[in-house]
Amino acid sequence: MEEEYRRIQRFLAACDDLVEGKFIHAEGKMTEALKAIAASGELTELFAAVTSRFDYPAAKRAYLKFPAEKGSAHGAAFLPAERTEILAFVFCLLVEFDAGTMQFNDFLLRYFYEDGSYTASYALFVGRMIRPFRQIVRDCYPDAVRASAERETQEADDPFAALAEAVAAERTRIASALSETDKKTGELILSALATAAEKKDGEDVCALLAGYGCFLRCAGEDGVTSSLSAFIGRGE
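Attention here is on the structure that accompanies the text. (Residues numbered from 1 in each chain as written. Predicted model: local features only at pLDDT ≥ 70, side-chain atom pairs only at ≥ 80, totals over all residues. Heavy atoms only, no water.)

### What about the overall build of the chain?
Thinking step 1. Of regular secondary structure, the chain possesses 12 helices and two strands.
Thinking step 2. Each of the three principal axes of the chain carries a C-alpha extent, and together these read 65 × 35 × 35 Å.
Thinking step 3. Considering the chain as a whole, with its 236 residues, one finds that 40% of them fall into the buried category.
Thinking step 4. Considering only contacts in the chain between residues 6 or more positions apart, those separated by 24 or more positions represent 65%. (Helix = DSSP H or I, 4+ residues; strand = E, 2+ residues; numbered from the N terminus. Buried < 20%, exposed > 50% of the residue type's maximum accessible area, 1.4 Å probe, protein only. Contact = heavy atoms within 4.5 Å.)

As structure tokens, then:
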């Protein structure tokens, strides 16, 4: 169950990045959130259940209003009243954004228009849609949230042990996220990082974290929530 908690935590971390991050990285974070769902049996079952009888086309007609008022150039977006339908609706929107069947930039300026600014419009979007969506998933998995809080306490007490756990999770992540060539390169760095963490060699850890951050950018993973995201900034 601990491994499944990690997968759920990976999804919640991607949602956190969406809420706290910048508009420019949003689409990458959405992709990461969907990958986290696909990697988790619990989350896959949850979203399969809430979408099984959900009429998404009807929901779009009901909750995406354009124009909001007669003579207005912009519309308005709403959420369903039921928690299960909120999960289904936001999930389906994320899938459409990721697939490119609905352009996220156009969606923002159409339904969350704020002074013509993507940054301001994005802030409205995450406040009205992603925050409630994230909270409902958190409420569904209180044990995973509790385990995450306990791990954060452990990080403060023993950062090397926490790093070793993050390296193990990152190995699992890159197994499906990277090409064969990039996986081999990433595994070399992660193996050295695991050894440095075991030896509690802070200097080597910092150097390897900085190198791994550069590697992710070169591999096209910039903006993706790595299992080592919380540590990488410390090494650069």
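### Topic: the pattern of salt bridges
Close approach of charged atoms allows side chains of opposite charge to pair.
Thinking step 1. Summed over the entire model, instances satisfying the criterion amount to 14 salt bridges.
Thinking step 2. Salt-bridge contacts for Arg83 lead to Asp139; the nearest nitrogen and oxygen are separated by 3.1 Å. Of this pair, Arg83 sits in helix H5 (residues 83-99) while Asp139 is found in helix H7 (residues 118-140), placing the two residues 56 residues apart along the sequence.
Thinking step 3. Given the relative accessible area of 43%, Arg83 is considered partly exposed.
Thinking step 4. You can call Asp139 partly exposed: its relative accessible area is 41%.
Thinking step 5. Across the pair Glu180 and Lys183 runs a salt bridge whose closest N-O atoms are separated by 2.7 Å. Here Lys183 and Glu180 lie together in helix H10 (residues 180-198), a separation of three residues that amounts to about one turn.
Thinking step 6. Sharing partners across several salt bridges, the network here consists of Glu3, Arg6 and Glu165. (Salt bridge = Lys/Arg side-chain N within 4 Å of Asp/Glu carboxyl O.)

### Comments concerning the side chain of Arg173
Thinking step 1. Its location among the elements puts Arg173 in helix H9 (residues 159-177).
Thinking step 2. A polar contact is formed between the side chain of Arg173 and the side chain of Glu221, at a distance of 2.8 Å. (Polar contact = N/O pair within 3.5 Å; in protein donor to acceptor, adjacent residues only side chain to side chain.)

### Regarding the packing of aromatic side chains
Thinking step 1. In the structure shown here, the tally under the stated rule is 20 aromatic pairs.
Thinking step 2. With centroids separated by 6.2 Å and ring planes inclined at 65 degrees, the aromatic side chains of Phe11 and Phe47 adopt a geometry described as edge-to-face. With Phe11 in helix H1 (residues 2-20) and Phe47 in helix H3 (residues 41-51), the pair connects residues that are 36 residues apart, well separated along the chain. Take Phe11 and Phe47: they sit in the same class, and that class is buried.
Thinking step 3. Between Phe104 and Tyr122, the ring centres sit 6.2 Å apart and the planes meet at 85 degrees, which makes this aromatic pair edge-to-face. With a gap of 18 residues between them, Phe104 in helix H6 (residues 104-111) and Tyr122 in helix H7 connect regions that are remote in the sequence.
Thinking step 4. Residue class for Tyr122 comes out buried when judged on its relative accessible area of 4%.
Thinking step 5. Each residue in the set Phe23, Phe97, Phe104, Phe107, Tyr111, Phe112, Tyr118, Tyr122 and Phe125 is aromatic and connected to the rest through ring pairs, giving one cluster. (Phe/Tyr/Trp six-rings, centres within 6.5 Å; stacked < 30°, edge-to-face > 60°.)

### Re H5
Thinking step 1. Across its 17 residues, H5 extends 24 Å between first and last C-alpha, which sits within 8% of the 24 Å expected from 1.5 Å per residue.
Thinking step 2. Every buried residue of H5 is accounted for by Ile86, Leu87, Ala88, Phe89, Val90, Phe91, Cys92, Leu93, Leu94, Glu96 and Phe97.
Thinking step 3. Buried residues belonging to H5 abut helix H2 (26-39), H3, helix H4 (56-63), strand S1 (64-65), H6 and H7.
Thinking step 4. Downstream of H5 by a residue or two, Gly100 has a phi angle that is positive, lying close to 85 degrees. (Expected span 1.5 Å × (residues − 1).)

### What to know about the packing of H4 against H5
Thinking step 1. Where H4 meets H5, the axes come as close as 11 Å, and the angle between the chain directions of the two elements is 95 degrees. The angle between H4 and H5 places the two elements in the roughly perpendicular class. Residues Tyr56, Ala59, Lys60 and Tyr63 of H4 lie in contact with H5, whose contacting residues are Glu85, Phe89, Cys92, Leu93 and Glu96.
Thinking step 2. Per-class residue counts for the contact of H4 with H5 are six nonpolar, no polar and three charged. (Axes fitted to C-alpha atoms, helices over the stretch in contact; angles between N-to-C directions. Parallel < 35°, antiparallel > 145°, perpendicular 65-115°, else oblique. Nonpolar A, V, L, I, M, F, W, Y, C, P; charged D, E, K, R; others polar.)

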